[in-house]
Every structure is written in C-alpha cells, then in structure tokens.
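# Understanding the architecture of this molecule
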Amino acid sequence: QVQLVESGGGLVQAGGSLRLSCEASGSIFSINTMAWYRQAPGKQRELVALITNVGITTYALSVKGRFTISRVNAKSTVYLQMNSLKPEDTARYYCNALGGATNSWGQGTQVTVSS
C-alpha cells in the first residue's frame, strides 16, 4: 500500500503562484508514475500533469506553460509549481501514484483563485 499526503493549497489572487507537494510512504518501490489531478465542484476529476520515474512529463493543455511538475525519487515526493493562476484553476487537487498493483490517491488539497 502507498499512502499519499498533499500540502500547499490555499487562497491566492489571479496571477499568483502556489506550489503543491505530495509525499508518498509505504510501498514506494512500486510507484512508476505520479500525477496531479483536480476536481472542481460539479465537474469530473481531470488530469493536470504526470511524471514518470524517468522524468517524462505530460500536461493538460489548459495548464501547459503555467504549471510544472517535478519529482524527487529519493524522497518519493512530487511537486506541482503553479504560476499565473486563473480563477478557473480553482479546484481540489489530488495526488495519484500508479505502478504495478498500486493506484493510490491522497485526500486532496484545496486551491482557490480569486479574481
């Protein structure tokens, strides 16, 4: 089992920045890909960004150029640097760890961007 704990959310004005962190514990050897998803009220959960264990990244079109995902494998920690935030980025952000039989989710951290 892999446990994930997110941190770093909060309230920020449009144009501001936040950095989310997600720390994994437990059977971290099983993790291949780590990702950030988000879910706004009344909407489906969507992929924001992912990073593989060799550093390959993928971003949603809506965040490309503004968000950066990074990973410290030695710490099994993944970060999401969010710049130029927009009100439409408001959502609960969830960390996901995937690999082998592992498909774990954190509890999420709320990001609210005011206009």
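Rules and cut-offs
- Residues numbered from 1 in each chain as written.
- Predicted model: local features only at pLDDT ≥ 70, side-chain atom pairs only at ≥ 80, totals over all residues.
- Heavy atoms only, no water.
- Disulfide = S-S within 2.5 Å.
- Helix = DSSP H or I, 4+ residues; strand = E, 2+ residues; numbered from the N terminus.
- Phe/Tyr/Trp six-rings, centres within 6.5 Å; stacked < 30°, edge-to-face > 60°.
- Lys NZ or Arg CZ within 6 Å of the ring centre and 35° of its normal.

What follows covers the state of the cysteines. Tallied over the full model, the rule gives one disulfide. Two residues share a disulfide in this structure: cysteine 22 and cysteine 95, whose sulfurs sit 2.1 Å from each other. Across the S-S bond linking cysteine 22 and cysteine 95, the dihedral sits near -85 degrees, which makes this disulfide left-handed. Of the two residues, cysteine 22 sits in strand β3 (residues 18-26) while cysteine 95 sits in strand β9 (residues 91-99), which places them 73 residues apart along the sequence.

Inspection of the entire model under this criterion finds one aromatic pair. Taking the ring centre of tyrosine 79 as reference, the NZ or CZ of arginine 19 above it sits at 4.2 Å. One residue, arginine 45, lies across the ring of tyrosine 94, its end atom 3.8 Å from the ring centre.

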